[in-house]
Amino acid sequence: MRFTRGFVVSVIVAIVLIVAIAYIFYPQRRETGKEPIKREQRPLLKGIPYQPPERSEKEAPSLLEKQKIIKKVVIIIDDIGYDLFTLNELLEIDAPITFAVLPHLPHSVDAAHILHREGREIILHLPMEPQNYPEKNPGSGALFLRMSEEEIRQQVEDDLDAVPYIIGVNNHMGSRFMEDRTKLAIVFEQIRERGLFFVDSQTTPYSKGRELAEEMELRFAARDIFIDNAQDYKATLRILMDLMKKRSSKKRGPFILSGHPHATTIRALQEALPLMKARGVEIIPVSDLFEITGEEP
């Protein structure tokens, strides 16, 4: 069969048109080694090249810093000295818990010797006058606002000497005493002279501790959370477990937890601390508060 020249030309033109139409309306992947441009990457207006949104390298760390997951925790157990049974239970927990020992109790000195032998850090749990005294009694060795400067100095000396191996001090009760700058300054001066630090138990929102410590250049930290106010196992466990996902707005320093040698607290710590450790939360001794930052937390 013979084809005329006109027929051949018509066929070629038809083929070219089909290829052109397919190229225009059917997306092809070009052999450039790159994936086809996604729809969301294409410019909305012709002639304007796509510009990905700029991201500041400086901005991201600052946002992460403001919501940093808590990774270091200090645990202080107060009211040590009443008995040695609960102390031995706490010592079986594999974590560098810090112990705050009350002065002048039946087992204060024995507890300090045991803790020192076990390599644990000890601070003095210094009794101070609460707002609702005498309904609440801070116990032996307490500091009261009615005391003269000389009486306060003598009582603080007796309390500091009553517990061996201490490296710092925190307050037992003291919601009234901690609000009085003049009386508190006497105590802080003696603590500073001994080369100790002070951890404010934060028993009052009106504590003068931090501002006074800054003025007197006393090493200072403050408690963040009481873990056992309710003396309830489930409530304490919930606080500890929530800590693993809690985000801190603090710019520096670990979280400071305070608790007591209640059976419910010990049980919660026994259960929670291995899980916290597995999730990357490190329990550190209280002295690390100052060694980590090189300054007061």
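Residues numbered from 1 in each chain as written. Predicted model: local features only at pLDDT ≥ 70, side-chain atom pairs only at ≥ 80, totals over all residues. Heavy atoms only, no water.

Tell me about the overall build of the protein chain, and name the residues and values.
Within the protein chain, the regular secondary structure consists of 10 helices and 11 strands. Here the protein chain holds 297 residues, and the buried ones make up 41% of them. Relative to all contacts within the protein chain whose residues are 6 or more apart in sequence, the contacts with residues 24 or more apart total 73%. Counting only carbon and sulfur atoms, one obtains 53% of the accessible surface of the protein chain, whose full area is about 18,200 Å². (Helix = DSSP H or I, 4+ residues; strand = E, 2+ residues; numbered from the N terminus. Buried < 20%, exposed > 50% of the residue type's maximum accessible area, 1.4 Å probe, protein only. Contact = heavy atoms within 4.5 Å. Areas by Shrake-Rupley, 256 points an atom, 1.4 Å probe, with all protein chains shown as cover.)

Report on the packing of aromatic side chains, specifying residues and quantitative values.
In this description, an aromatic ring pair is defined by two values, namely the gap between the centres and the angle between the planes. Across all of its chains, the model carries 4 aromatic pairs by this definition. For the ring pair Phe197 and Phe290, a centre distance of 4.7 Å and an interplane angle of 45° mean the geometry is tilted. Here Phe290 lies in helix α10 (residues 288–293) and Phe197 lies in strand β6 (residues 197–200), a separation of 93 residues in the sequence. Both residues of the pair, Phe197 and Phe290, count as buried. Every member of this aromatic cluster is reached through a ring pair, and the members are Phe188, Phe198 and Phe220. Lying over the aromatic face of Phe144, Arg146 brings its terminal NZ or CZ to 4.3 Å of the ring centre. It is Arg267 that lies over the ring of Tyr233; its NZ or CZ is 3.6 Å from the centre. (Phe/Tyr/Trp six-rings, centres within 6.5 Å; stacked < 30°, edge-to-face > 60°. Lys NZ or Arg CZ within 6 Å of the ring centre and 35° of its normal.)

Mind laying out the confidence of the model for the protein chain, listing which residues take part and the relevant values?
Here the protein chain averages 83 in pLDDT, and 72% of its residues register 70 or above. Long-range and interchain partners of residues 27–67, a stretch whose pLDDT sits below 50, account for 15 contacts in this model, where long-range means more than four residues apart. (pLDDT = per-residue confidence, 0-100.)

Any details on the packing of helix α8 (residues 233–243) against helix α9 (residues 263–278)? Residues and values, ideally.
Interhelical geometry of α8 versus α9 gives an angle of 25° and a closest axis separation of 9 Å. When the axis of α8 is compared with that of α9, the two are roughly parallel. By crossing handedness, the relation of α8 to α9 is classed as right-handed. Here Tyr233, Thr236, Leu237, Leu240, Met241 and Leu243 of α8 come into contact with α9, specifically with Thr264, Thr265, Arg267, Ala268, Leu269, Glu271, Ala272, Leu275 and Met276. The residue inventory of the contact of α8 with α9, partitioned by class, reads 10 nonpolar, 3 polar and 2 charged. (Axes fitted to C-alpha atoms, helices over the stretch in contact; angles between N-to-C directions. Parallel < 35°, antiparallel > 145°, perpendicular 65-115°, else oblique. Left-handed = near helix turned anticlockwise from the far one by under 90°. Nonpolar A, V, L, I, M, F, W, Y, C, P; charged D, E, K, R; others polar.)

So what's going on with helix α4 (residues 108–117)? Residues and values would help.
Every buried residue of α4 is listed here: Ser108, Ala111, Ala112, Ile114 and Leu115. Along the long axis of α4, the arc covered by the buried residues comes to 165°, so they all point the same way. Buried-residue contacts for α4 involve β2 (72–80), α3 (85–91), β3 (98–101) and β4 (122–128). Backbone geometry just downstream of α4 places Gly119 in the positive-phi region, at approximately 75°. (Arc of directions from axis to C-beta.)

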